[in-house]
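Chains, contacts and geometry: an overview
As a plain string of letters, each chain reads:
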Amino acid sequence: MAAHPSPAPHHVAIVMDGNGRWATKRLLPRIAGHKQGVDSLTRCVRACLQRGIGVLTVFAFSSENWNRPPEEVSGLMELLVVALAKEVPRLSAQGIRIHFIGDRQRFSDKVRTALVVAEQGTSANQRLILNVCFNYGGRWDIAQAAQKLASRGEPITELSLDRAMALAHVPDPDLLIRTGGELRISNFLLWQAAYSELHFSAKLWPEFDEAALDEAISVFHARERRFGQTSAQVGGHSSSHDKKAV
Ligand code: FPP
């Protein structure tokens, strides 16, 4: 146990891995696992609200996921549109603001419209920010931020890059969870996770429940966050929330 427990995580990020295995184990098509994954996500959002977490960022579709079988890709796109139509009114009623993070150029008009409707319909909400990374990759984000600065003729510094990144509206994640048992970052939040505490859960995403979230939070509490300083220096508490304005 660390001498100085960290404050509660303000920003939690999750790689929601294991939907396919959950379905395959039950002899179901992979898309059934993704559908279950949507239910797990809505449960997780509710649990985050109850625990006072201010920002939840989830990896729902990576830049590399286009290489999956076409029926799985189209199934995920369809699932997104259906899930948004069903869940956004409920999420909005709970005070959740949704942002989609990623490159939208490759999406159909239907998907693009669904994203804009969800963002605009929840834009006044303030209890919890839900960032859904969809067609997102950490390398894409760094490159698009650099391109933005170059096109404006602005100098490329850590601060200017940080402000041009797709997650500039939130502080860096305090806790990054990956479910499904793999020990990789897989091109998620490469820039923003520089000082995130990492937690790997063996649970498949559809099985990631409130107890699993509480376990991740208690592991986080037991860590000492030093941000490059010594243990004696940090003495009190610090989080990425303190380092960057929301
Ligand atoms: C990784 O599991 C999961 C995905 C690529 C999709 C994540 C999507 C959801 C949780 C549903 C929410 C999505 C929407 C549409 C909002 P995997 O398929 O790689 O699982 P595996 O490692 O067991 O094969």
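Provided above is the structure to which this section pertains.
Note that this is a predicted model, so its numbers are computed, not measured. Residue numbering note: each chain is counted from 1, following its sequence as written. It should be noted that, the model being predicted, local features are given only for residues of pLDDT at least 70 and side-chain atom pairs only at 80 or more, the latter also being counted only at that level, while totals for whole chains, interfaces and linings use all residues. To obtain the side-chain values, all non-hydrogen atoms of the structure were used and water was disregarded.

**Comments concerning the side chain of His99**
Operational definition: The helix count covers DSSP runs of H or I at least four residues long, the strand count covers runs of E at least two residues long, and both are numbered beginning at the N terminus. Whether two residues are in contact is decided by their heavy atoms: any pair within 4.5 Å suffices.
Here His99 shows up in strand E3 (residues 96-101). Setting aside its immediate chain neighbours within four residues, His99 contacts Glu119, Ile129, Leu130, Asn131, Val132 and His169.

**Quick look at the state of the cysteines**
Filter applied, for reference: Cysteine sulfur atoms that pair up within 2.5 Å are treated as a disulfide.
Counted according to the given criterion, the structure contains zero disulfides. Cys48 supplies the cysteine sulfur nearest to Cys44, a cysteine that is in no disulfide, at a spacing of 4.2 Å.

**With respect to the pattern of salt bridges**
To keep things clear, this is the line we draw: Definition used for salt bridges: Asp or Glu carboxyl oxygen within 4 Å of a side-chain nitrogen of Lys or Arg. When accessible area is computed with a 1.4 Å probe and restricted to protein chains, residues below 20% of their type maximum are described as buried, those above 50% as exposed, and intermediate ones as partly exposed.
For the structure on display, the rule yields 16 salt bridges. Between Arg178 and Asp17 there is a salt bridge whose closest N-O contact spans 3.0 Å. One end of the pair, Arg178, is in strand E5 (residues 175-178); the other, Asp17, is in the loop between strand E1 (11-15) and helix H1 (19-25), and 161 residues separate them in sequence. Side by side, Arg178 and Asp17 carry an identical accessibility label, which is buried. Here Glu197 makes a salt bridge to Arg225, at a shortest N to O gap of 3.8 Å. Taken together, the residues span a long stretch of sequence, with Glu197 in strand E6 (residues 197-200) and Arg225 in the loop between helix H7 (210-221) and helix H8 (231-234) at a distance of 28 residues. Assigned by exposure class, Glu197 and Arg225 land together as buried.

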